[in-house]
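What the coordinates show
So the chains spell out like this:
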Amino acid sequence: MGNRLIPKFIFLFFLIALVVLSSQGIGLNYQQTIAVAIFSASVFATLLFWDFRVAVAFLGIAILLITKTVDLENMVRFASLEVILFLVGMMVLVGLLKEMGFFAWLVTLILRIKNLTAKKFIFVISILSALLSCCVDEVTSIIFMVAAILEICDYFEVEPTPYIIISVLCTNIGSTGTVLGNPIGILIASKSGLTFEDFLLKAFPLMSICLLVAILLLIFWYRKAIKKLDEKLKELGGNEILVKLISIPPERQLRLGLSIFGLTFLFISLHHRLELLWGLEANTLLLSVPLVSAGCVMIWKWRKAREYIEKDVDWWTLLFFLLLFAKAGTLKYTGATDVIAQRLLHVVEHNSVALTGVILWMSSIGSSILDNVVLVAAFIPIVQSFKDLGITLQPLWWALLFGGCLGGNITLVGSTANIVALGILEKERNIRMTFFRWFWVGLSVGIVTTGIIWLALITLPIYR
Amino acid sequence: MKVKEIMTKDVTSISPEMNAKEALNLLLKMQISGLPIIDEKNKLVGMFTEKDILRNILPSYIEKVGRFVYEDNPKVIRKKFQDLKDLSVSKLMRKDVVTVDEDTSLCEVARLMLTQKVRRIPVLNKEKKVVGIVAREDIVRAYIREAGWGTD
């Protein structure tokens, strides 16, 4: 193992050296260069050394502090603890729902569909995938969707792959719909001043249009598979036998869990109005409502409180995010992103419409190979820098959100949901996805949906 | 007391190529829950237990899904169990095996059983060859003897 690592590490150093040289080339000073180099080390680590990314993040932060590129106080400020705590709160809440059998219950709903047809099946899994990833994180939602799809496909003896792909693509599209769908949603909300209501009024409708177009495209794309499933449905006579196998009535505990989640959702969606009403600082409620809910859950289930925190919270990822945000903040602190923003603005000749397009497509194509949180964390300080250059930021934030999520559809490693779903497919059914089998359908959906967003952002006045 | 004083020295083991169905039958015949897997160089390569069978036939996402939604066994589980007859134990076994050496104390073995959640631990000599195996029952019996409660 060691032998394989050494060339990779040499390659990493080579890449960082390249970044340092090009940073010097565009006129960054010493500290800006360090900030850019350390940040890009994190980017390369997520690409090349998935298992080492937290280690690289730890070392990077230490270097930033020792070289006085950032001071302790600012490092802590940039780490955006509020975003991390929000995610912790939501993870605890989702852990509760999982335990109460909420997702299992949802799976049974899909399995219970009466008079199933192939198209109906596609509509149901697409819409449910999208809505579920709107409300809870995309990784949790995809596991349950995949479980349900595998069951149904097994029952009707059809290949599950097309339906898994459909579900994953719709999960990624759905994750743009609210602040809760994807970590980049809350990250953008906390940095941009956009409220949950803004997301519901502006992102959700756009997401729905993208979803509808994607479903139609996918129905056309998989017409052969659909025909086959329809034949099987006729042959095996619907899923009545399957229905008999299942029975999970929503129990009292589940109803209570759902009520807590529903109230959380309600308060989060009203956060802006309540903050104005009670004279609170912006986003105070958005960020503290999940903490209140998680706190209540941990009082209700106090014997399991420690388990929620230790098992349901993905500390490995959250720590990486925390340090990543600190590094991204340092980019802005040193002024590196101001230089990059000026350069970018120069390239698009100060045309804000063109700039929106550039950010949208860059984040879409970028997130097809890179973790979208890494990409968005890098772009946020750049977008913030445009403010001083007299650019309206709103369309840029939306471009970043949609680009970051929709681009994840393009390749099979584009988002965590893709990786999780394909991992299960391989393990459970021994079906290994090839790059191109995913790529053509992913690229089509990715380009069409990003195109829709592009059109909306540059033509509709509410996004400007 | 050291583990070498209480371990079973006559160790039944299976080869990595052995068929899972045969191995399972052997487990049932011997009325134990696991067997060490030893290759042709007499090296321990894994442990095969009933737990590995369960892990293999249940979906890999089961821990995350929380609970099953079926009153009856789904078709896929029955199929996976049927497929076991074509699998070798090397495909199912746990590779990172907890082992102890001959001079390990009983309480340390007991600690490993509790913390690593294993029932049977192979005992290795200095050349890393399997010289015995110790089960949970052996430990309890040893303590019973020591306490003078007298069984057997």
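Computed from a predicted model, the values in this text were never measured in an experiment. (Residues numbered from 1 in each chain as written. Chains lettered and ligands numbered in written order. Predicted model: local features only at pLDDT ≥ 70, side-chain atom pairs only at ≥ 80, totals over all residues.)

Thoughts on the overall build of chain B
When you go through chain B residue by residue, the secondary structure sums to eight helices and five strands. Along chain B, helices and strands appear, N-terminal first, in the series α-α-β-β-α-α-α-α-β-α-β-β-α. For chain B, the spread of C-alpha atoms along the three principal axes comes to 50 × 35 × 30 Å. For chain B, with 152 residues in total, the buried portion stands at 20%. Excluding contacts between residues fewer than 6 apart, the proportion of contacts in chain B whose partners are at least 24 apart in sequence is 60%. (Helix = DSSP H or I, 4+ residues; strand = E, 2+ residues; numbered from the N terminus. Buried ≥ 20, exposed ≤ 12 C-beta atoms within 10 Å, placed from the backbone. Contact = placed C-beta atoms within 7 Å.)

A short note on the confidence of the model for chain B
Put simply, chain B has an average pLDDT of 88, and 93% of its residues get 70 or more. Across the assembled chains, the prediction reports ipTM 0.70 with pTM 0.86. (pLDDT = per-residue confidence, 0-100.)

Some thoughts on the nonpolar core
Of all hydrophobic cores here, the largest spans 146 residues; its most connected members are Ile-149, Val-376, Ala-377, Leu-400 and Ala-421 of chain A. Among the elements that line this core, the one with the most residues is helix α8 (residues 138-156) of chain A, at 12 residues. Setting aside residues up to four positions removed in sequence, Ala-421 of chain A forms contacts with Ile-142, Val-146, Ile-164 and Val-168 of chain A. If you look at the next biggest cluster of nonpolar residues, it comprises 10 residues, including Leu-35, Met-47, Phe-48 and Leu-92 of chain B. (Core = buried A, V, L, I, M, F, W, Y, C linked by C-beta atoms within 7 Å.)

With respect to the pairing of strand β2 (residues 44-49) of chain B
Where strand β1 (residues 34-38) of chain B and β2 of chain B come together, five bridges link them in antiparallel fashion. Its bridge partner lying in β2 of chain B, Gly-34 of chain B is registered against Thr-49 of chain B. (Pairing = 2+ DSSP bridges.)

Quick word on the sheet that holds strand β5 (residues 130-135) of chain B
All names here are of chain B. Taken in spatial order, the three strands line up as β3-β4-β5 in an open sheet, and their pairing is mixed. The strands lining the two open edges of the sheet, one partner per strand, are β3 (100-101) and β5. Looking at chain direction, β3 and strand β4 (residues 120-124) are connected through two bridges and run parallel. Counted as the bridge partner of Asp-101 is Leu-124 from β4. Helix-sheet contacts for helix α7 (residues 106-115) involve β3, β4 and β5, and the interaxial angle to β4 is about 135 degrees. (Axes fitted to C-alpha atoms, helices over the stretch in contact; angles between N-to-C directions.)

Concerning the packing of helix α10 (residues 183-192) of chain A against helix α22 (residues 394-406) of chain A
Residue and element names in this part refer to chain A. Contact geometry of α10 with α22 gives a least axis separation of 10 Å together with a crossing angle of 170 degrees. Viewed along their axes, α10 and α22 adopt a mutual orientation that is roughly antiparallel. When α10 is examined against α22, the residues Ile-184, Gly-185, Ile-188 and Ser-192 are found in contact with a partner set consisting of Trp-397, Leu-400, Leu-401, Gly-404 and Cys-405. (Parallel < 35°, antiparallel > 145°, perpendicular 65-115°, else oblique.)

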